[in-house]
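Notes for the structure review
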Amino acid sequence: MDVQIFIPCFVDQLFPETAFNMVKVLEKAGCNVSYNSNQTCCGQPAFNAGFLDESTAVAKKFRKDFSANIPVISPSASCTGFARNYQPQLLVGAEITATVDDPEKNKFYEFSEFLTDVLHKENFGAEFNATITYHDSCAALRECRIKEGPRTLLNNVRGLEIIEMNDNETCCGFGGTFAVKFAPISAAMAEQKIAHAMDTGAEYIISTDLSCLMQIQSVCDKKKLPIKTMHLADVLAQGW
């Protein structure tokens, strides 16, 4: 299957290895992966900050960059959710609370849901000898309705043990500009999330969203906590 990949801004700049690992897994799944080097932001940061005209301009470019009628895969449920649920409203000038019919929105997929729901592949022969706990990002849950798929993929990794934390659906406190505007609240939310994770005895916190993991890891580093973070794509690319 031919697919395109969308690499969000922060992944491109801060976590490129996760993007490469996503490609590695997609290729193992039999996909022919293409990357449009002209791609830029999806427009979500401007949208969340209330700059709708600027966000619309970026969204128009985004849709032009991904005009080919093949699936667009991203290692970010946050950006995928924005492309599906909010870009269509911006592009037709509708009220943000309205429902807009956009036939193209269904070609945007978060990485894990594409593997499980489209390719129907759950085992990539990965091996990762560690105890982990899983963080459900707000965007994955509420924008993309992703819950069991990542866990299914992780359960097929040799040597990996999943222990669920309490309140695994609670926000980590990142929320884009929320972490900047309300830093003390954001940090407290991350600390609560990390405390629940550490109560499991897990060595790693895994998620579909690097924005969440960046938030969590920064607090772990600041407090010199032993637990580490890792994106699902990086786990699935281990051991082969």
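Below is a summary of the structure that appears in this document. Worth saying up front: this structure is predicted, and the values here are computed from it rather than measured. (Residues numbered from 1 in each chain as written. Predicted model: local features only at pLDDT ≥ 70, side-chain atom pairs only at ≥ 80, totals over all residues. Heavy atoms only, no water.)

Focus on helix 12 (residues 210-222)
Counted at 1.5 Å a residue, the expected span for helix 12 with its 13 residues is 18 Å, and the 18 Å between its end C-alpha atoms agrees. Structurally, helix 12 contributes buried residues whose contacts are with helix 1 (9-14), helix 2 (16-28), helix 10 (178-181), helix 11 (183-199), strand 7 (204-207) and strand 8 (228-231). Directly beyond the C-terminal end of helix 12, a positive phi value near 55° is found at K224. (Helix = DSSP H or I, 4+ residues; strand = E, 2+ residues; numbered from the N terminus. Expected span 1.5 Å × (residues − 1). Contact = heavy atoms within 4.5 Å.)

Notes on unusual backbone geometry
Residue H120 is not a glycine yet carries a positive backbone phi of 55°. With respect to the helices, strands and loops of the structure, H120 is situated in the loop between helix 7 (111-118) and strand 5 (127-134). Here H120 falls in the exposed class, since its relative accessible area comes to 61%. With a phi close to 55°, D167 is a non-glycine residue in the positive phi region. Along the chain, D167 turns up in the loop between strand 6 (158-162) and helix 10. On the basis of relative accessible area, D167 is assigned to the partly exposed category, the value being 47%. (Buried < 20%, exposed > 50% of the residue type's maximum accessible area, 1.4 Å probe, protein only.)

Details of the sheet that holds strand 3 (residues 72-74)
Taken in spatial order, the 4 strands make up an open sheet running 2-1-3-4, and their pairing is parallel. Each edge of the open sheet carries a strand with a single partner, namely strand 2 (32-34) and strand 4 (108-110). Direction aside, the axes of adjacent strands within the sheet are offset by 35° on average. Sheet topology places strand 3 next to strand 4; 3 bridges connect them, and they run parallel. Following the sheet pairing, V72 is matched in strand 4 by F108. Packing of helix 5 (residues 77-85) onto the sheet brings it into contact with strand 3 and strand 4, and relative to strand 4 it is tilted by some 155°. Helix 7 contacts strand 1 (2-5), strand 3 and strand 4 of the sheet and is inclined by roughly 100° relative to strand 4. (Pairing = 2+ DSSP bridges. Axes fitted to C-alpha atoms, helices over the stretch in contact; angles between N-to-C directions.)

Regarding the sheet that holds strand 8
The strands making up a sheet are joined through hydrogen bonds of the backbone, oriented either antiparallel or parallel. Taking strand neighbours across the sheet as the criterion, the 4 strands line up as 6-5-7-8 in an open arrangement whose pairing is parallel. The two strands at the open ends of the sheet, each matched to only one other strand, are strand 6 and strand 8. Each strand of the sheet is rotated relative to its neighbour by a mean of 40°, with strand direction disregarded. Bridging between strand 5 and strand 6 involves 4 bridges; their strand directions are parallel. Within strand 6, the residue paired with T131 across the bridge is E161. Packed onto the sheet, helix 12 meets strand 7 and strand 8 and runs at close to 170° relative to strand 8.

Structural notes on the nonpolar core
In this structure, L26, F111, L115, F128 and I206 are the most contacted members of the largest nonpolar core, which totals 50 residues. The element best represented in this core is helix 12, accounting for 6 residues. When residues no more than four places from it in sequence are discounted, the contact partners of L115 are V25, L26, H120, K121, F124, L153 and L236. The next biggest cluster of nonpolar side chains, apart from the first, holds 11 residues, and it includes F6, C42, F47 and F82. (Core = buried A, V, L, I, M, F, W, Y, C linked by side-chain atoms within 4.5 Å.)

Focus on the side chain of S74
Tracing the backbone through its elements, the reader meets S74 in strand 3. We classify S74 as buried; its relative accessible area is 2%. At 3.2 Å, the side chain of S74 and the backbone oxygen of F6 are in polar contact. Excluding anything up to four places from it in sequence, S74 contacts F6, P8, M22, T80, Y109, E110 and F111. (Polar contact = N/O pair within 3.5 Å; in protein donor to acceptor, adjacent residues only side chain to side chain.)

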